[in-house]
Amino acid sequence: MRLWSETSAGSECPALVVSATRRLRFVTRRIIPLILYQVLEKNKRCSPVTTYRTLTFRGDKLEACRTLVTVGLSYAILPGVDTRRLFMRPKVQFLRRELVEQIIAEARELLGTLGVEVHNDALVSTLVDHGAEVQGDRVLIKSDLIDRALDSAPDSFTLYDVLGEVSHELRGDQVHFTPGSAAIRVVDRQSGEARPPVAEDYRQYTQIVSQMEYIKAQSTAIIPTDVDQQIADSYRLYLSLLYCEKPVVTGAFTIEGFEVMKDLQVAVRGSSEALREKPLTVFSCCPTAPLKWSDVTSQNTVDCARYNIPVEFISMPLAGFMSPVTLVGSLVQHTAETLSGIVISQVTNPGTPVVYGGSPAIFDIRYQTTPMGAIETMMLDCAYCEIGKYLGLPTQAYIGLSDAKQLDSQAGLETSMGATLAALAGINSISGPGMLDFESCFSLEKLVLDNQICGMVLRLTEGIQPREDFPSLGHFKELLEEKHLLISDHTRKYLKQEHYFPSEIIDRANRARWTSDGEQTLEQRARRSVEDLLSSYRPSRLDASAQSDLHQIMESAARTCGMQKLPGFKA
């Protein structure tokens, strides 16, 4: 029986690879029963929990490797192999492959039979030119068109910061965090009350997020109310590009707003060609449940494709209200709506980067709310990202946030649970830090706390791996001789790799020290951290000429709305 398989680069299916020249990549649960079966058949005296040390792989594979097999984990140690690579990434999975395939098949059937409603005549004509059919007010998208779109959509892409340097890549199981977005309220630091945000709040937000070590991108997180709503979308992007160097997850509120937002990005990059080569933003484009595309969001998708600007599709089925009450039924709808977005993008410009994203939720009929902190909502997020991975696309989810109204126990519970599940599911872009109250309220104090949660979760995804632990005899001899290992070479070398040390926001002091430090609450520590970060902010290194171009573009757009000055701007 063959116990290994050669896999191509980027394969999502882990395999046990044992050879003299190749390192062991991954060990999966599927391999364990095969190994146990062979061992138990050859040695009836062995128990599954016994450690086996003499499994031999013959033929052209390595002869006589030392293998440990335990319940739930298989581990191979090969002579000459870098043992730092011998670890299992912790993962979570909600859907069997067969269920994923059935959900996709049902979504295809929906698109081919019921289709989607598209309120954009030019786009409808384009879809028809590529093989779609019009039936009444709906566009039927057949499987061959879906297949062509999936074939042309990239399986990964790289985001670059405002300086043109690589920020991060969305691919495979790589996990990155970005704040939640589009809040209509912000928590006031002095009063603790939620109030309408202003541009100054947004500027402070960009300064804080620029210093969040574990949050890779910024988002257009809040909507300033002292900015004319005609330019509210582009103004947020303007402040983000001016004060923070990280790439931006954003979105346009109008068709006209996209042009200004595109011009802002071109100003930073220097040319449209440079923007194509080094994407700076990801635009969120949202179909309307059920199975509908408005004129604005469909045109935004088309416009992004024309400039090769990455798009994340944010389908938002509400289980039991605007989608079937069952999680599987909602996943079918989410899949159909997202596939339709991929088709729109790829018929416009094949090869445009897309992200298989979303923000589904259950509908709590008791309060008529859409709880983002509900466990079923988190399950939906993780499950649809499994479908996105099956289709070979980067993934995104609004998860790792809370429905709580303040920075309390509920906020910590829902945020940490969501962030952990999302990371274990390998969601590439996790949108949520800083967000409260059903994605409607943003808190800087929560943002700095969530940054610490992100750090913990990222440490979790590194799993457990040996770091010069074998042979272990020497470490224990030193421990017995010295009575501790606080200053041993091994400790000093690996301490910061093995142990994640959060900031003082997370209380790890004993009670005596906590008392002597003033018995501060978590919220007080977070507020102090925000003030410290605002004081330590360093201006963006964006070139002065690019900053000047940003000002001119924004001033011109503001004048069309009757605005005489740019709020929130400080030289």
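Source: prediction; values computed, not measured.

1. As for the overall build of the protein
Along its length, the protein carries 18 helices and 22 strands. In the protein, the proportion of contacts linking residues at least 24 apart, taken out of those at least 6 apart, comes to 69%. For the protein, the accessible area works out to roughly 26,300 Å², and carbon and sulfur atoms hold 53% of it.

2. Describing the sheet that holds strand 21 (residues 435-436)
With mixed pairing, the four strands of this open sheet are ordered in space as 10-9-22-21. Bordering the open sheet on either side are strand 10 (194-195) and strand 21, each of which pairs with just one other strand. In this sheet, strand 22 (residues 441-442) lies alongside strand 9 (residues 185-187) in parallel orientation, the contact comprising two bridges. When the sheet's bridge partners are listed, Arg-185 is paired in strand 22 with Cys-441.

3. Looking at the pattern of salt bridges
If you walk through the whole model with that rule in mind, you get 26 salt bridges. Note that Arg-459 and Glu-462 form a salt bridge whose closest N and O atoms lie 3.8 Å from each other. Judged by its relative accessible area of 18%, Arg-459 is buried. You can call Glu-462 partly exposed: its relative accessible area is 36%. When salt bridges that share partners are traced, they join Arg-459, Glu-462, Arg-467 and Glu-498 into one network.

4. Description of the sheet that holds strand 11 (residues 218-219)
Spatial ordering of the open sheet is given by 11-12-13-15-17, a layout of five strands whose pairing is parallel. For this open sheet the edge positions go to strand 11 and strand 17 (354-358), each flanked by a neighbour on one side alone. Taken together, the three bridges between strand 13 (residues 281-285) and strand 15 (residues 311-315) define a ladder with parallel strand orientation. Across the sheet, the residue bridging to Ser-284 is Glu-312, located in strand 15. Across the face of the sheet, helix 6 (residues 232-243) comes into contact with strand 11, strand 12 (248-250) and strand 13 while running at roughly 175° to strand 12. Contacts from helix 9 (residues 295-306) reach strand 13 and strand 15, with the element oriented near 155° to strand 13.

5. Here we look at the packing of helix 2 (residues 97-113) against helix 10 (residues 327-348)
The geometry of helix 2 relative to helix 10 is characterised by a closest axis approach of 8 Å and an angle of 60° between their N-to-C directions. Comparing the axis directions of helix 2 and helix 10 gives the class oblique. Note that helix 2 runs across helix 10; the crossing there is right-handed. In this structure, helix 2 uses Leu-99, Ile-103, Ile-104, Glu-106, Ala-107, Leu-110 and Leu-111 to contact helix 10, whose residues at the interface are Val-328, Leu-331, Val-332, Thr-335, Ala-336, Leu-339 and Ser-340. Of the residues belonging to the contact of helix 2 with helix 10, the class tally is eleven nonpolar, two polar and one charged.

6. So, the packing of aromatic side chains
Counted under the stated rule, the structure contains nine aromatic pairs. On the numbers, 5.6 Å between centres and 65° between planes, the contact of Phe-258 with Phe-283 is edge-to-face. Taken together, the residues span a long stretch of sequence, with Phe-258 in helix 7 (residues 255-269) and Phe-283 in strand 13 at a distance of 25 residues. The exposure class assigned to Phe-283 is buried, which follows from its relative accessible area of 0%. Between Phe-321 and Phe-363, the ring centres sit 4.7 Å apart and the planes meet at 35°, which makes this aromatic pair tilted. Taken together, the residues Phe-321 in the loop between strand 16 (318-319) and helix 10 and Phe-363 in the loop between strand 18 (361-362) and helix 11 (375-390) connect sequence positions 42 residues apart. Feature note: the residues Tyr-202, Tyr-205 and Phe-442 constitute an aromatic cluster, connected by ring pairs.

7. Structural notes on the confidence of the model for the protein
Mean pLDDT over the protein works out to 88, with 85% of the residues at or above the 70 mark. In the model, residues 1-34 has pLDDT below 50 throughout and makes 59 contacts with residues more than four positions away in sequence or in other chains. In the model, residues 39-79 has pLDDT below 50 throughout and makes 76 contacts with residues more than four positions away in sequence or in other chains.

8. So, the environment of Gly-341
Along the chain, Gly-341 turns up in helix 10. When its relative accessible area of 0% is taken as the criterion, Gly-341 is described as buried. Taking the C-alpha atoms as reference points, Gly-341 and Val-302, separated by 39 residues in sequence, lie 9.7 Å from one another. The residues contacting Gly-341, other than those within four sequence positions of it, are Trp-293, Thr-301 and Phe-313.

9. Points about the environment of Phe-569
Topologically, Phe-569 is positioned in the segment after helix 18 (544-560). Expressed as a C-alpha distance, the spacing of Phe-569 and Tyr-202, which sit 367 residues apart in the sequence, is 10.0 Å. Those residues in contact with Phe-569 that sit more than four places away from it in its chain are Tyr-238, Leu-242, Tyr-243 and His-551.

10. A short note on unusual backbone geometry
Here the residue pair Ala-289 and Pro-290 is connected by a cis peptide bond, since its omega of 0° sits within 30 degrees of zero. Relative to the assigned elements, Pro-290 resides in the loop between strand 13 and strand 14 (292-293). Each neighbour pair has its own omega, and for Phe-470 with Pro-471 the value is -5°, a cis peptide bond. If you trace the backbone, Pro-471 turns up in the loop between helix 13 (444-461) and helix 14 (473-482). Its identity as a non-glycine residue notwithstanding, Asp-437 has a phi of 55°, on the positive side. Within the fold, Asp-437 resides in the loop between strand 21 and strand 22. Residue Asp-437 is classed as buried on the basis of its relative accessible area, which comes to 14%. Residue Glu-468 is not a glycine yet carries a positive backbone phi of 55°.

11. Some words on the pairing of strand 7 (residues 166-170)
Direction of pairing for strand 6 (residues 157-160) relative to strand 7: antiparallel, over a ladder of four bridges. Residue pairing across strands places Leu-159 opposite His-168, the latter belonging to strand 7. Here strand 6 hands over to strand 7 after five residues, with Gly-164 in that stretch at a positive phi of 85°.

Calculation notes
- Residues numbered from 1 in each chain as written.
- Predicted model: local features only at pLDDT ≥ 70, side-chain atom pairs only at ≥ 80, totals over all residues.
- Heavy atoms only, no water.
- Helix = DSSP H or I, 4+ residues; strand = E, 2+ residues; numbered from the N terminus.
- Contact = heavy atoms within 4.5 Å.
- Areas by Shrake-Rupley, 256 points an atom, 1.4 Å probe, with all protein chains shown as cover.
- Pairing = 2+ DSSP bridges.
- Salt bridge = Lys/Arg side-chain N within 4 Å of Asp/Glu carboxyl O.
- Buried < 20%, exposed > 50% of the residue type's maximum accessible area, 1.4 Å probe, protein only.
- Axes fitted to C-alpha atoms, helices over the stretch in contact; angles between N-to-C directions.
- Parallel < 35°, antiparallel > 145°, perpendicular 65-115°, else oblique.
- Left-handed = near helix turned anticlockwise from the far one by under 90°.
- Nonpolar A, V, L, I, M, F, W, Y, C, P; charged D, E, K, R; others polar.
- Phe/Tyr/Trp six-rings, centres within 6.5 Å; stacked < 30°, edge-to-face > 60°.
- pLDDT = per-residue confidence, 0-100.

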